[in-house]
2 protein chains.
Amino acid sequence: MRTRPLKVALLGCGVVGSEVARIMTTHADDLAARIGAPVELAGVAVRRPSKVREGVPADLVTTDATALVKRGDLDVVVEVIGGIEPARTLITTAFEHGASVVSANKALLAQDGAALHAAAEENGRDLYYEAAVAGAIPLIRPLRESLAGDKVNRVLGIVNGTTNFILDKMDSTGAGYQEALDEATALGYAEADPTADVEGFDAAAKAAILAGIAFHTRVRLDDVYREGMTEVTAADFASAKEMGCTIKLLAICERAADGDSVTARVHPAMIPLTHPLASVRGAYNAVFVESDAAGQLMFYGPGAGGAPTASAVLGDLVAVCRNRLSGATGPGESAYAALPVSPMGDVVTRYHISLDVADKPGVLAQVATVFAEHDVSIDTVRQQGKDGEASLVVVTHRASDASLSGTVEALRKLDTVRGVASIMRVEGE
Amino acid sequence: MRTRPLKVALLGCGVVGSEVARIMTTHADDLAARIGAPVELAGVAVRRPSKVREGVPADLVTTDATALVKRGDLDVVVEVIGGIEPARTLITTAFEHGASVVSANKALLAQDGAALHAAAEENGRDLYYEAAVAGAIPLIRPLRESLAGDKVNRVLGIVNGTTNFILDKMDSTGAGYQEALDEATALGYAEADPTADVEGFDAAAKAAILAGIAFHTRVRLDDVYREGMTEVTAADFASAKEMGCTIKLLAICERAADGDSVTARVHPAMIPLTHPLASVRGAYNAVFVESDAAGQLMFYGPGAGGAPTASAVLGDLVAVCRNRLSGATGPGESAYAALPVSPMGDVVTRYHISLDVADKPGVLAQVATVFAEHDVSIDTVRQQGKDGEASLVVVTHRASDASLSGTVEALRKLDTVRGVASIMRVEGE
């Protein structure tokens, strides 16, 4: 074993960073044996140096992250600050000064992954980011290495623990969205401002990263259709149950049937209770992958939290350190397929639509005509009437999102349709 | 991209080999893009050259596998023959003549993994074998790379599809073992001689491989306790249901509570219906991994079959080819921890024991005394009597297997105990 240690700098020492530092210390011998050389924590950049950080020697702490990544003697920089800046500049600077980078920064990778990969390649260094998607669950490595000889057609996943906790709570207790969110906040699963989670921004960033790797195509955050889950109601769950379904916020990356384009989207959807993703409870994450040869695979585990995320960061750290010792680099960006990313209108799936309608003869015929005119074929209709009002629940066969939007627009114009109570996609069948 | 192709030889062209050859041809462009150089099928060693193999050019087929691996111009040898010899000699010869090796051979790796890894290392070549455990499910790579910065404490898995199909059938239909086996045979899930599957030899080989990687310790097939599932009865399933459990044939690799030793075992066990492994149906495989930092992870997918196994082989092929191009090697054997492998007697778990006893007063007291004398604490007892005979179902708290064996031996000597109807371990709680 080499005795000169590999030098690692840590950018950020919050929930994840402090766990990374702790494990680097407590598991130092194991890490050295697995890497083939000891690893040394060479510096820790923080915003508030006064905060006591157990296990992090005070003389390693600095507020000058830029000076740290410019030192020139670093082998690896671990970035767990999050957000776009200063993370982006620090990572680029780290590459320019000879370090490889391990990052957990989904927002940055979804937005600027291509540029960061290019910076890594120009400098002959590695950019690893297993922790950016689904926390501890090995997903990036299986997708870009284990399935490198296969053709992935679909990635369907629960990649945000906060929203899964809320939806699971609504499903199991009948609570409304606000009540379930309040509980998630009280228990620390949701942040004070839950927008990034409940509006699907976090999941959309992960979908962009997953789609890019799965389809060997650049997929940016802007390419991902995004719909949050704040409008999911207890009534939606009741409808889902009647269909033998539950509701999950899903990230869905698909290759079109003809193979010539891909789509990426995040939205709440009904999935059958028999689907393995339906039984993913609480804040857990799980990702279902369908490929030509392997068939259906699922990866399940904790999608967030200090220790689980640190596990993913450290797995990358070991790999990157091993590459440093052998003078090689791991797989970089693979975007050779360069498939076009189609808009949401091209997505083909099934829909569950609840309409409030006038309770009089001929309404169903009118509604059915609108569906037919837009080439949306109806699978089942359920009509329920009370007090002169009625509801009509329509489940369609597979149709394009554009056709469905056209249908809904036309339905809204019917005198007999008082309102469209909910539209939800049905997935995983 | 390099234009000179990497040369790959295929040893064996059965169900898996022919899929590997097919995908190498149909996905040639994708593989080239992902590797950075084209790959060329340079030879295929088979036993029966007369058999028509679609997509495999006749001039590549040879019966002289030894000459093929000695060619000296091969970059990678893919071994999908199975069994100990001639696979072992061919792999060693391939290393000596400069090739890296991708193998799907669980029996050989469980028996001679250390020697094969040593041969790879001596020659500066790779030995990859993702396909050896749980078919298409990425498991070896996540364990030895993604979790390289973590400490794995437990691997608990369904790693044999044939036995899972049989047990699932018994569970869902109430069928007996023989009836379920007959159906598995008729459907092609069980081989004409099902011994390797139903007696747990196949799962034990996989347990040895998984334990070795998870604990950075050499674990040989002989170190794995093995019990088949041929004696599981419909009555056992009825008992399991009463406990809210089902029965699975599990491969279990555990680090002892003090961390200083490990165990590996394969046997049927009751697991709670709420455990994610309980809902693994048919011939699917799933492996649950528990580690210090990541927590609980699960990997699920098809555990066998030509295309799924080929997916795993090709993922390895891409990785090994990339290593060839960069002049590096991937992670080799990691056995630095060298923990002792404890015998089955040291395993601590819970037990479900059914006794046929005389239906008279005092029997329960006698039985309870025997448990107490052997330091096995009883959790619950259920007594059922009919026609002068009675059955006593005892579920214990956690105890060592040695204590339990002592208890059972003593119970058999009691006049009032007519027989021990079944003993089953209870896992996953």
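Calculation criteria
- Residues numbered from 1 in each chain as written.
- Chains lettered and ligands numbered in written order.
- Predicted model: local features only at pLDDT ≥ 70, side-chain atom pairs only at ≥ 80, totals over all residues.
- Heavy atoms only, no water.
- Helix = DSSP H or I, 4+ residues; strand = E, 2+ residues; numbered from the N terminus.
- Rg over C-alpha atoms; globule rule 2.2 N^0.38 Å.
- Buried < 20%, exposed > 50% of the residue type's maximum accessible area, 1.4 Å probe, protein only.
- Areas by Shrake-Rupley, 256 points an atom, 1.4 Å probe, with all protein chains shown as cover.
- Lys, Arg positive; Asp, Glu negative; His and termini not counted.
- Charge placed at Lys NZ, Arg CZ, Asp CG, Glu CD.
- Disulfide = S-S within 2.5 Å.
- Pairing = 2+ DSSP bridges.
- Contact = heavy atoms within 4.5 Å.
- Axes fitted to C-alpha atoms, helices over the stretch in contact; angles between N-to-C directions.
- Domains from an automatic or database assignment.
- Salt bridge = Lys/Arg side-chain N within 4 Å of Asp/Glu carboxyl O.

**Some points on the overall build of chain A**
Alright, step 1. Counting its regular elements, chain A contains 14 helices and 17 strands.
Alright, step 2. The C-alpha atoms of chain A give 24 Å as radius of gyration, which agrees with the globular expectation for 429 residues (22 Å, within 12%).
Alright, step 3. When its C-alpha atoms are laid out on the principal axes, chain A stretches across 85 × 45 × 35 Å.
Alright, step 4. Counting across all 429 residues of chain A, residues that qualify as buried make up 57%.
Alright, step 5. Carbon and sulfur atoms make up 49% of the accessible area of chain A, which amounts to about 16400 Å² in all.
Alright, step 6. The average position of the 39 basic charges and that of the 55 acidic charges among the side chains of chain A differ by 4 Å.

**Some thoughts on the state of the cysteines**
All names here are of chain B.
Alright, step 1. Following the criterion strictly, the structure yields zero disulfides over all chains and no others.
Alright, step 2. The closest cysteine sulfur to the non-disulfide-bonded C321 is located on C13, 18 Å from its own sulfur.
Alright, step 3. The class for C321 is buried, based on a relative accessible area of 0%.

**Here's the deal with the sheet that holds strand 6 (residues 127-128) of chain A**
All names here are of chain A.
Alright, step 1. Taken in spatial order, the six strands of this open sheet run 3-2-1-4-5-6, and their pairing is parallel. The strands lining the two open edges of the sheet, one partner per strand, are strand 3 (61-62) and strand 6.
Alright, step 2. With two bridges connecting them, strand 5 (residues 100-103) and strand 6 associate as parallel partners. Bridge pairing in strand 6 places V101 opposite L127.
Alright, step 3. Where helix 12 (residues 306-326) meets the sheet, it contacts strand 1 (6-11), strand 2 (39-45), strand 4 (76-79), strand 5 and strand 6, and its direction lies at approximately 170 degrees from that of strand 5.

**Some remarks on the domain arrangement of chain A**
Alright, step 1. Assigned domains of chain A: these are domain 1 (6-133 + 306-326), domain 2 (140-302) and domain 3 (344-426).
Alright, step 2. In this structure, domain 1 of chain A and domain 3 of chain A have C-alpha centres spaced 51 Å apart.

**With respect to the pattern of salt bridges**
All names here are of chain A.
Alright, step 1. What the rule picks out here adds up to 52 salt bridges over all chains.
Alright, step 2. The salt bridge involving R88 is made with D112; its shortest N-O contact spans 2.4 Å. On the criterion of sequence distance, the pair formed by R88 in helix 4 (residues 87-96) and D112 in helix 5 (residues 106-122) is long-range, its members being 24 residues apart.
Alright, step 3. Taking the relative accessible area as the measure of exposure, R88 reaches 27% and is therefore partly exposed.

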